[in-house]
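Residues per chain are reported as follows:
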Amino acid sequence: MLDSSHKCNIMKKGDKSINWRTPPLLFVDFWKMNKHSAKNKKHPSVTKKETSFRISTKHFSFILLVIICCTFFPSLKNNFTNLDDPQYLTENPIVKNISTENIKAIFSEQFVGNYQPLTMLTYMMEYKLFALNSFGYHLVNLIFHLFSALLIFFIVKKISENNPIAFITALLFGIHPM
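My aim in this report is to walk through the structure given alongside it, one point at a time.

### Here we look at the overall build of the protein
Here's step 1: Scanning the protein from terminus to terminus reveals eight helices and zero strands.
Here's step 2: Mapped in sequence order, the helices and strands of the protein form the string α-α-α-α-α-α-α-α.
Here's step 3: Out of the 178 residues belonging to the protein, those deemed buried represent 25%.
Here's step 4: Within the protein, counting contacts between residues at least 6 apart in sequence, those at least 24 apart form 54% of the total.

Laid out in structure tokens, this is it:
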């Protein structure tokens, strides 16, 4: 309740002086209501049976990874394409040899009109591990994609504080082909 020391002038037609030291009663009631919000008290209709069915963050992230793996698993058997793989990888002498000159070239030159030093450095390391076996390249890209989807899941979960929203957002990112 407000006592007389916390008076608030209400604006009347044509009155330009307002004392906003204390909020109007509508806001005071709203503040009181939020003080004792549902976050601090359990709703009486929620029973233990209902709360035990909630899916944890671990389970959401695991389900997310399984769905994305199932979606992109068939791509592991694909070969290289003729779109840009020859320019970036199969016919690029810079990624075929790890040397200081090639690393310097990766960080100072453009390839196929793009400056992508981390991508080219990754190709260099993958070539050292897998040579021209496309399975290794696709596997590394799938692992990067899984980590990216998990990162999106945890960022959206942090922002929204809602596991289903974070799951759906990360899933749409994860299974969308582009």
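### Some words on the nonpolar core
Here's step 1: Counting 14 residues, the largest nonpolar core has Leu64, Ile68, Phe153 and Phe167 as the members making the most contacts within it.
Here's step 2: Of all elements in the fold, only helix 3 (57-72), helix 7 (134-160) and helix 8 (163-175) reach the threshold of two or more residues within this core.
Here's step 3: Sorting elements by how many residues they give to this core places helix 7 first, with six residues.
Here's step 4: Beyond its immediate chain neighbours, meaning those up to four positions away, Phe167 contacts Phe60, Ile63, Leu64, Ile67 and Phe153.
Here's step 5: Counting residues in hydrophobic clusters, the runner-up holds twelve residues, among them Phe111, Met120, Met124 and Tyr127.

### Describing a nonpolar patch on the surface
Here's step 1: Together, Ile55, Phe62, Ile63, Val66, Ile67 and Ile175 make up a nonpolar patch on the protein surface, roughly 470 Å² of accessible area in all.
Here's step 2: Tracing the chain through its elements places Ile175 in helix 8.
Here's step 3: Judged by relative accessible area, which is 34%, Ile175 ranks as partly exposed.

Thresholds, definitions, all that
Residues numbered from 1 in each chain as written. Predicted model: local features only at pLDDT ≥ 70, side-chain atom pairs only at ≥ 80, totals over all residues. Heavy atoms only, no water. Helix = DSSP H or I, 4+ residues; strand = E, 2+ residues; numbered from the N terminus. Buried < 20%, exposed > 50% of the residue type's maximum accessible area, 1.4 Å probe, protein only. Contact = heavy atoms within 4.5 Å. Core = buried A, V, L, I, M, F, W, Y, C linked by side-chain atoms within 4.5 Å. Patch = residues over 30% accessible without salt bridge, like charges linked within 9 Å, V, L, I, M, F, W, Y side chains within 5 Å. Areas by Shrake-Rupley, 256 points an atom, 1.4 Å probe, with all protein chains shown as cover. Salt bridge = Lys/Arg side-chain N within 4 Å of Asp/Glu carboxyl O.

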